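Commentary on secondary and tertiary structure
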Amino acid sequence: MRKLTTLLAASLALTCLMAASALAGTTLTYANFPPAKTFPCVQMEQWKAEVEKRTNGDIAVQTFPGSTLLNPKNMFRGVQTGQADIGCISTAYYPGVFPLISVVNLPVAFTSTEVASRVMWDLFQKYQPKEFADVKVITMFTSAPSQIMSKTPVKQLGDLNGMELRASGSILQILSGLGAQGVGMPMSQTPEALQKGVVKGLVSSFDVLMDFNFAESCRHETITNLPVYPFAIIMNKARWEALSPESKKVIDDLALEQAVWTGKYLDKHIDDSLNWSKEKYQVEVHELTAAEHATIKELGTPLVDQWKAEAVKAGLDADAILADMLALKAKYEA
Ligand code: 3IO
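Not measured: the values here are computed from a predicted model.

1. Here we look at the overall build of the chain
A count of helical and extended segments in the chain gives eleven helices and eleven strands. When the backbone C-alpha atoms are referred to their principal axes, the chain occupies close to 90 × 50 × 35 Å. Counting every position in the chain, which comprises 334 residues, the buried fraction comes to 49%. Long-range pairs, those at least 24 residues apart, make up 75% of the contacts in the chain with a sequence separation of at least 6. In the structure as shown, the chain presents an accessible area of about 15200 Å², 56% of it carried by carbon and sulfur atoms. Across the chain, the 31 positively charged side chains and the 35 negatively charged ones have centroids separated by 6 Å.

Structure, rendered in structure tokens:
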């Protein structure tokens, strides 16, 4: 009986100890703006699973897709002030705020999300831009090259005349050069704008045809290979600093891996989404001529000069950054 009591006491003590150590673990909230099915949220769930596994449960991550905790416009500030511990930002929604990282949004003809995401991460690592000084950057990645998805066909550039298309960042200016009417808004507001007829289509990557069901209303897709949208996953600095050295190492070791995972996922998902859209809604894919692609390229030139001027004003070595980006792109494309 004495033996049994001792055993019980010991196991009770052990249970308490385990409970206490579970309590001592950290739960991190992670805010995201688009719906759960979309790629920024798919990568969020992947990251959560990896971090929870690799920290043996020392860190638990509670995810909030669909702007349930922070929305696309208050995400950056919300993470800085600790309303969420971690958040996902599409940097094109913050004009002028990210002078270095906006280089990735220039029209330099990325053809692969994996390549663009690797380039973005390398540039961030090399230059450690001031714009992220107040937060911890967890990882970075991009969307896939942007295409036109519209209710009426864009079979040639002339068909864009006066057409209202949702976009953000550098693409807005290219659209205006093409005679279209770019309407700037975050992706998460686009379903309503399309439905109300405020826009007649959008410019983004093809994953959204399936993940937002845009293929239903936008039956016409035109290959334009416009810029990628850069994304950054940021964490509240004080919350980061309070983590154990072991947890920090797990998260840092995951950064590049996560960028590559997301790039690979999206590159494959683009194909799946387009195939699904063709089968389910018989969407049509329109190709432009070589001369039309050259016109689009020319419209991009002033954007590069404009970016350079802004970067120089922000105290950056614009020529070196641009040269580095192109060299990294060539390296990863090889
Ligand atoms: C995007 C943004 C949110 C959800 C899915 C997405 N696929 C491509 C993008 C890029 C984009 O259009 C944007 O506004 O960041």
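2. Quick look at the site of the ligand
Taken together, the neighbourhood of the ligand is formed by 16 residues, with Ser-90, Tyr-93, Arg-166, Ser-204 and Asp-207 sitting nearest. Here an oxygen atom of the ligand and a side-chain polar atom of Ser-90 are 2.8 Å apart. Here an oxygen atom of the ligand and a side-chain polar atom of Tyr-93 are 2.5 Å apart. Out of a free accessible area of 350 Å², the ligand has 100% covered by protein chains. Mapped onto the shell around the ligand, the elements with two or more residues apiece are helix 2 (39-54) and helix 7 (207-211). Here the shell around the ligand is built from residues that sort into nine nonpolar, five polar and two charged.

3. Remarks on the state of the cysteines
For the structure on display, the rule yields zero disulfides. With no disulfide of its own, Cys-41 lies closest to Cys-88 among cysteine sulfurs, the gap being 7.2 Å. Among the residues examined, Cys-88 registers a relative accessible area of 0% and is labelled buried.

4. So, the sheet that holds strand 2 (residues 59-64)
On the basis of which strands lie adjacent, the open sheet formed by five strands has the order 2-1-3-10-4 and mixed pairing. Each edge of the open sheet is held by one strand with a lone partner, namely strand 2 and strand 4 (135-142). Adjacent strand axes in the sheet meet at a mean angle of 20 degrees when their direction is disregarded. Judged from the seven bridges that link them, strand 4 and strand 10 (residues 230-236) form a sheet pairing that is antiparallel. Across the sheet, the residue bridging to Phe-141 is Phe-231, located in strand 10. Of the strands in this sheet, strand 2 and strand 4 are in contact with helix 9 (residues 245-281), which crosses strand 4 at around 20 degrees.

Parameters and conventions
- Residues numbered from 1 in each chain as written.
- Predicted model: local features only at pLDDT ≥ 70, side-chain atom pairs only at ≥ 80, totals over all residues.
- Heavy atoms only, no water.
- Helix = DSSP H or I, 4+ residues; strand = E, 2+ residues; numbered from the N terminus.
- Buried < 20%, exposed > 50% of the residue type's maximum accessible area, 1.4 Å probe, protein only.
- Contact = heavy atoms within 4.5 Å.
- Areas by Shrake-Rupley, 256 points an atom, 1.4 Å probe, with all protein chains shown as cover.
- Lys, Arg positive; Asp, Glu negative; His and termini not counted.
- Charge placed at Lys NZ, Arg CZ, Asp CG, Glu CD.
- Near = heavy atom within 4 Å.
- Polar contact = N/O pair within 3.5 Å; in protein donor to acceptor, adjacent residues only side chain to side chain.
- Nonpolar A, V, L, I, M, F, W, Y, C, P; charged D, E, K, R; others polar.
- Disulfide = S-S within 2.5 Å.
- Pairing = 2+ DSSP bridges.
- Axes fitted to C-alpha atoms, helices over the stretch in contact; angles between N-to-C directions.

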